[in-house]
Amino acid sequence: MLKWAIWLLVLGNAGYFAWSQGYLDTLGLKPVEQREPQRMAQQVRPETLRLLNGPRPETAPVVSAPVPEAPAAVVVEPPLPAPSVSEPVAPAPAPPPSSTVAVAAGSGPRACWQAGGFSNDQAELLRAELALLGLPASGFSFTEVRSGGRWIVYMGRYDNQQQVDRKKDELRALGVSFREINAPGLAPGLALGTYSSEAAAQQALQKAERDGIRTAKVAQERAESQSVTVRLPAITDTQRAAIDGLGEAMAGKRLQRCG
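Residues numbered from 1 in each chain as written. Predicted model: local features only at pLDDT ≥ 70, side-chain atom pairs only at ≥ 80, totals over all residues. Heavy atoms only, no water.

Some words on the side chain of Thr229
To be explicit about the condition: Where helices and strands are cited, they refer to DSSP runs of H or I of at least four residues and of E of at least two residues respectively, numbered from the N terminus. Relative accessibility under 20% of the residue-type maximum defines a buried residue, over 50% an exposed one, and the middle range a partly exposed one, all with a 1.4 Å probe and only protein chains included. Should any heavy atoms of two residues lie within 4.5 Å, those residues are considered in contact.
Tracing the backbone shows Thr229 in strand E7 (residues 225–235). On the basis of relative accessible area, Thr229 is assigned to the buried category, the value being 18%. What Thr229 contacts, discounting residues up to four positions off in sequence, is Gln114, Ala115, Gly116, Gly117, Ser141, Phe142, Thr143 and Val145.

Let's talk about the environment of Ala18
Checked against the element boundaries, Ala18 lands in helix H1 (residues 2–20). Taking the C-alpha atoms as reference, Ala18 lies 9.8 Å from Leu29; in sequence the two are 11 residues apart. Excluding its chain neighbours within four sequence positions, the residues that come into contact with Ala18 are Tyr23 and Leu24.

Here we look at the pattern of salt bridges
Going by this rule: Salt bridges are defined as contacts in which a side-chain nitrogen from Lys or Arg sits within 4 Å of a carboxyl oxygen from Asp or Glu.
For the coordinates displayed, the defined rule picks out 10 salt bridges. With its nearest N and O atoms 3.0 Å apart, the salt bridge here joins Arg172 to Asp169. Note that Arg172 and Asp169 are positioned in helix H4 (residues 161–174) at a spacing of 3 residues, about one turn of the helix. According to the relative accessible area criterion, Asp169 is partly exposed, its value standing at 48%. For Asp211, the salt bridge is made with Lys207, and the minimal N-O distance between the two is 3.2 Å. Residues participating in the shared-partner salt-bridge network are Arg150, Arg179 and Glu221.

Observations concerning unusual backbone geometry
Here the amide bond leading from Gly156 into Arg157 is cis, since omega sits at 5°, within 30 degrees of zero. Within the secondary structure, Arg157 sits in the loop between strand E3 (150–156) and H4. That bond from Ala187 to Pro188 is cis: its omega, -5°, falls within 30 degrees of zero. On the secondary structure map, Pro188 appears in the loop between strand E4 (179–181) and strand E5 (189–195). For Ala251, which is not a glycine, the phi torsion comes out positive at approximately 55°. With respect to the helices, strands and loops of the structure, Ala251 is situated in the loop between helix H6 (237–244) and strand E8 (256–257). Overall, the relative accessible area of 28% leaves Ala251 in the partly exposed class.

Comments concerning the confidence of the model for the protein chain
In plain terms, the rule: The quantity called pLDDT is the predictor's confidence in a given residue, expressed from 0 to 100.
When the pLDDT values of the protein chain are averaged, the result is 81; 74% of them are 70 or greater. Low confidence marks residues 95–99, where pLDDT is under 50. Its contacts with residues over four positions away, or in another chain, come to 2 contacts.

Digging into the packing of aromatic side chains
Put simply, the test is: For Phe, Tyr and Trp, rings pair up if their centres lie within 6.5 Å, where Trp contributes its six-membered ring, and each pair is then called stacked (planes under 30 degrees apart), edge-to-face (over 60) or tilted (otherwise). Comment: the charge-over-ring label is applied if NZ (Lys) or CZ (Arg) is within 6 Å of the ring centre and within 35 degrees of the ring normal.
Summed over all chains, the structure comprises 1 aromatic pair. For the ring pair Phe140 and Phe142, a centre distance of 6.0 Å and an interplane angle of 80° mean the geometry is edge-to-face. Its end group placed over the ring of Trp113, Arg240 keeps NZ or CZ at 4.7 Å from the ring centre. Directly above the aromatic system of Phe118 lies the positively charged group of Lys253, at a separation of 5.0 Å from the ring centroid.

Description of a nonpolar patch on the surface
Going by this rule: Nonpolar side chains (Val, Leu, Ile, Met, Phe, Trp, Tyr) within 5 Å and like charges within 9 Å form the patches, drawn only from residues with over 30% relative accessible area and no salt bridge. The Shrake-Rupley method, run with a 1.4 Å probe, gives the accessible areas here. Residue values count only the displayed protein chains as cover.
Taken together, Leu2, Ile6, Trp7 and Val10 make up a surface patch of nonpolar side chains, about 440 Å² in accessible area. Counting through the fold element by element, Leu2 comes out in helix H1. Leu2 gets classed as exposed once you look at its relative accessible area, which sits at 64%.

Re the sheet that holds E8
Rules: A strand pair is defined by DSSP finding two or more bridges across the two strands. For every element, the axis is a line fit to its C-alpha atoms; helices are fit only across the contacting stretch, and the angle between N-to-C directions ranges from 0 to 180 degrees.
Judged by pairing direction, the sheet is antiparallel, and its 4 strands sit side by side in the order E2-E7-E1-E8 without closing on themselves. Only two strands of the sheet have a single partner each, and these edge strands are strand E2 (141–147) and E8. Packing of helix H3 (residues 120–132) onto the sheet brings it into contact with strand E1 (111–118), E2 and E7, and relative to E7 it is tilted by some 20°. Packed onto the sheet, H6 meets E1 and E7 and runs at close to 150° relative to E7.

Re the pairing of E7
Side chains on a regular strand alternate between the two faces of the sheet. Strand direction decides the pairing type here: E1 and E7, joined by 5 bridges, are antiparallel. Bridge pairing in E7 places Ala111 opposite Ile235. In the sheet, E2 pairs with E7 via 7 bridges, with the strands oriented antiparallel. What sits directly across from Arg146, in E7, is Gln226.

The structure is reproduced here in structure tokens:
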């Protein structure tokens, strides 16, 4: 049974192949041709169509005649002058990465210089700038300085200089020493004595009242403060000039000789 099924399949395939290839046309058995002649009539300039992936005709390579090369111009450069032995040519130094240029110590005598009155922030900025100048850490030191308050036996505040002069004459007549005050908030005025504590100033005021001075009082001329002093024990004049020129880092101050 299976053998007959196989033979029927083989005969069916053979018959389909003969029918599709036109071998049975003489028997009137041929496939129907699928043609649409009306579409051929609607074509516009079919000769201009070109298949992009179709075969391309081989073309002979175009060989161009060699163009004779013009002779290269010979440039004769004048010989460079030899550098002088006494003046060697050195490359220019590269600029430093920081705006502060390291200053060489130079020659000459060294001396101790200092400046005071810096705040803590100003001192930190100055410390960094001194390091950028090339000074070693042992070449400078910062010291914290505390200034105590200052109290005075005070007379004032007067309206004009004429009142100040009149009080001066009265004090001279009593034999009392004084000095003129220019501090903000106290000028114009007179100080009959200067003291490091308020208690000492109060005692001096009591003595002035016993001497006949009735218009005096105790006032604080200066409040307690804290500042930082920089000390450079041994620098040259070149280094001193460079430090004085630091601008903002020096906060408007200049170095003075160590006392």
